[in-house]
Amino acid sequence: MKSKVLFLFLIAGLVSCGGDKPKNAEAVEANKETPNNFVVEIDAIYEKNDSLVFYYEVDGTVKYENPVTLKVNGSPEPQLLKVEMPKGIALENLTYTVSTNKEQLKVKITNISIKNGDKVIDGRDFKYSEYFMSDESFKWNDADKSYIVSHDNKYPPAFVGNDNLRAKLFDNVK
């Protein structure tokens, strides 16, 4: 009889230990890195309402057919604009259409930072100029540290990520 009771305790112990496996599996899943979740943060002054457009590159191809857009309410005060890129993508480069409103003649941008979880490409204090190229659509106004924006070119004024941004994005992909 004692051996039967001991055998039942042994079986009960094995069954209860087997019940812990799914909990352990959940813990392992929770500890895995989360997929890429890039967020672009821009500190800027847009005095007029505008719409910003972000084109991203994945697998060597710019996704022109699926841009991310952000509506901006015009204000003379600085705004923190946050743009979430599609989750799970391995962002390789970024083009930021600075303005689509032809009445927007001036924009002041002090920060373009890109975050992916706890990894950050820091563009504060105009350091974003190390990561983006601009074209003749922009003229720097040193008096108030802003851009005079021209909408007279073939394409809307935009910043395009350069090789420095590509290298930093590669380091920030999960």
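The preceding data block contains the structure.
Conventions used here
- Residues numbered from 1 in each chain as written.
- Predicted model: local features only at pLDDT ≥ 70, side-chain atom pairs only at ≥ 80, totals over all residues.
- Heavy atoms only, no water.
- Phe/Tyr/Trp six-rings, centres within 6.5 Å; stacked < 30°, edge-to-face > 60°.
- Helix = DSSP H or I, 4+ residues; strand = E, 2+ residues; numbered from the N terminus.
- Buried < 20%, exposed > 50% of the residue type's maximum accessible area, 1.4 Å probe, protein only.
- Core = buried A, V, L, I, M, F, W, Y, C linked by side-chain atoms within 4.5 Å.
- Contact = heavy atoms within 4.5 Å.
- Salt bridge = Lys/Arg side-chain N within 4 Å of Asp/Glu carboxyl O.

Trainee: A description of the packing of aromatic side chains should follow, citing residues and the corresponding values.
Mentor: On inspection of all chains with the given rule, the structure shows 11 aromatic pairs. On the basis of an interplanar angle of 5 degrees and a centroid distance of 5.0 Å, the ring pair of Phe54 and Tyr96 is categorised as stacked. Residue Phe54 is located in strand S2 (residues 50-58), and its partner Tyr96 is located in strand S6 (residues 93-97); the two are separated by 42 residues in the primary sequence. Relative accessible area serves as the criterion here: at 0%, Phe54 is assigned to the buried category. Ring geometry for Phe132 and Phe159: centres 6.3 Å apart, planes at 40 degrees, overall tilted. Of this pair, Phe132 sits in strand S9 (residues 132-133) while Phe159 sits in strand S12 (residues 158-161); the two residues are 27 residues apart in sequence, bridging distant segments of the chain. Looking at Phe159, the relative accessible area reads 2%, which means it is buried.

Trainee: Before we move on, can you summarise the nonpolar core with the specific residues and values?
Mentor: If you look at the biggest cluster of nonpolar residues, it comprises 34 residues, and the most contacted ones within it are Phe54, Met85, Tyr96, Ile109 and Phe159. When residues in this core are grouped by element, the largest group, five residues, is from strand S1 (residues 38-46). Sequence-distant contacts of Met85, defined by excluding residues within four places in its chain, comprise Phe38, Val40, Phe54, Tyr56, Val68 and Leu94.

Trainee: Please provide a residue-by-residue account of the pattern of salt bridges, values included.
Mentor: Applying the stated rule across the entire model yields eight salt bridges. Between Glu84 and Lys87 there is a salt bridge whose closest N-O contact spans 3.3 Å. Notably, a salt bridge pairs Asp142 with Lys145, separated by 3.1 Å at the nearest N-O pair. Through salt bridges with shared partners, a single ionic network connects Glu41, Lys82 and Lys115.

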